[in-house]
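For reference, the chains in residue letters:
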Amino acid sequence: MSSNTTRTALVTGSSSGLGRALACELEKRAYRVIGLGRKKPENVAEEDFIVCDLSDPTALATVPQELAKRTDRLDLLVNNAGFGGYAAWEELPESDLRRMFEVDFFAPVLLTRLLLKDLSKTRGAIVNISSVAALAPVPCMGAYSAVKAALLSFSQTLRAEASVQSVRVITVCPGRISTGFSSRAIRLRECPETPGNQVDTAKFARKVCKAIDRNRRLVVFPDWYKLFVWFTRRCPELYMRMALKVWKLR
């Protein structure tokens, strides 16, 4: 266990995509980043990664002990790891639905419960990566929309409760960004082309770090998705008709 004053961040799903971009940006800002996931990347040292299956509550329970072997402080928890799927509700196997909730919802909740006291000691912060799909549910991504909406509600209520312990909570709702999400998703349907593939993940990471510094409650990225969310709420029937057509359900 190292003992120093260097700020430490624990980032789940740090091996690729948004998690990797956030880890890189945090390192630029003088954080020591410890990753967490099922498989340690080859270019990451043993002391900078915790191997853990996020779908296994028993494995998650060992994280505080594993973290204590590597550092004596925790300043930031980033609950980033997750996966989604392209499938209508009737198509998605129950086993996949349950695993999605384990990884995308229960893992962040359990990690937060386990590490909240450590974060209170440093007056730290928690970043929960939800999704625009939580704010504007997407047909044929219903399970993903539901699990990210649950994470959004958890995060928003936690923000009030954790403030008593001087811990900040920031919820981030990204839209479609080129991160390899589709390649890891459950693909029982083909995802239609939508804007966002060329969005820079480094820009996303910088915006999240600024939100941490400013204690923002909610971040939607890219900004134009705010207009999309407004449209889905202002014109729900039109949005659903358009979505059904895009997903070839009518």
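Everything in this summary refers to the structure shown in the same document. (Residues numbered from 1 in each chain as written. Predicted model: local features only at pLDDT ≥ 70, side-chain atom pairs only at ≥ 80, totals over all residues. Heavy atoms only, no water.)

### Re the pattern of salt bridges
Spelled out, the test is: Salt bridges are defined by distance alone: a side-chain nitrogen of Lys or Arg within 4 Å of a carboxyl oxygen of Asp or Glu. Runs of E in the DSSP output that reach at least two residues are strands. Runs of H or I that reach at least four are helices, and both are numbered from the N terminus. Exposure categories follow from relative accessible area, calculated using a 1.4 Å probe and restricted to protein chains: below 20% of the type maximum is buried, above 50% is exposed, and the middle band is partly exposed.
Taken as a whole and assessed by the stated rule, the structure comprises 10 salt bridges. One salt bridge connects aspartate 213 with arginine 29, and the closest N-O pair in it is separated by 3.4 Å. Pair noted here: aspartate 213 is in helix 8 (residues 201-214) and arginine 29 is in the loop between helix 1 (17-28) and strand 2 (32-37), with a separation of 184 residues, a long-range link. Residue aspartate 213 is classed as exposed on the basis of its relative accessible area of 55%. Across the salt bridge formed by glutamate 66 and lysine 69, the nearest N and O atoms sit 3.0 Å from each other. Residue glutamate 66 and its partner lysine 69 are both found in helix 3 (residues 63-70); the two are separated by 3 residues, about one turn of the helix.

### Structural notes on the packing of helix 1 against helix 8
Counted only if it meets this: Only C-alpha atoms enter the line fits that serve as axes; for helices the fit covers just the stretch in contact. Angles between N-to-C directions range over 0 to 180 degrees. For classification, angles of less than 35 degrees are called roughly parallel, those exceeding 145 degrees roughly antiparallel, those between 65 and 115 degrees roughly perpendicular, and all remaining angles oblique. With the far helix as reference, a near helix turned anticlockwise by less than a right angle produces a left-handed crossing, and one turned clockwise produces a right-handed crossing. We call two residues in contact when some of their heavy atoms are within 4.5 Å. Residues are grouped as follows: Ala, Val, Leu, Ile, Met, Phe, Trp, Tyr, Cys and Pro are nonpolar; Asp, Glu, Lys and Arg are charged; every other residue, Gly included, is polar.
At a minimum axis separation of 8 Å, helix 1 and helix 8 run at an interaxial angle of 60°. On the basis of the axis angle, helix 1 is oblique to helix 8. Along this stretch, helix 1 crosses helix 8, giving a crossing that reads as right-handed. Taken together, the residues of helix 8 that come into contact with helix 1 (itself represented by Leu18, Ala21, Leu22, Glu25 and Leu26) are Thr201, Phe204, Ala205, Arg206, Val208 and Cys209. Looking at the contact of helix 1 with helix 8 residue by residue, the classes come out as 8 nonpolar, 1 polar and 2 charged.

### With respect to the pairing of strand 7 (residues 168-174)
Heads up, the rule is: A pair of strands is treated as paired once DSSP finds two or more bridges between them.
Where burial is concerned, most of strand 7 is hidden: 6 out of the 7 residues are buried. When strand 6 (residues 125-129) meets strand 7, the two strands line up parallel, connected through 5 bridges. Along strand 7, the bridge assignment pairs valine 127 with isoleucine 170.

### Re the side chain of asparagine 80
So the rule is basically this: Polar contacts, as used here, are pairs of N or O atoms within 3.5 Å; protein pairs need one atom able to donate a hydrogen and one able to accept it. Residues neighboring in sequence count only if both atoms are side-chain atoms.
Turning to its location among the elements, asparagine 80 is positioned in the loop between strand 4 (76-79) and strand 5 (85-86). Classification of asparagine 80 as buried rests on a relative accessible area of 11%. A distance of 3.1 Å separates a polar atom in the side chain of asparagine 80 from the backbone oxygen of glycine 13. Sequence-distant contacts of asparagine 80, defined by excluding residues within four places in its chain, comprise Thr12, Gly13, Leu18, Gly19 and Ile129.

### What about the environment of serine 95?
Mapped onto the secondary structure, serine 95 falls in helix 4 (residues 94-121). Taking the C-alpha atoms as reference points, serine 95 and aspartate 53, separated by 42 residues in sequence, lie 16 Å from one another.

### Quick notes on helix 3
Helical geometry: 3.6 residues make up each α-helical turn, so side chains three or four residues apart lie on a common side. Counted only if it meets this: Relevant arc is that of directions from the helix axis to the C-beta atoms, nothing else.
For helix 3, the set of buried residues is Val63, Pro64, Leu67 and Arg70. Seen along its axis, helix 3 keeps its buried residues to an arc of 120°; they face one direction. Contact partners of the buried residues in helix 3: strand 1 (8-12), strand 2, strand 3 (49-51), helix 2 (57-60) and helix 4.

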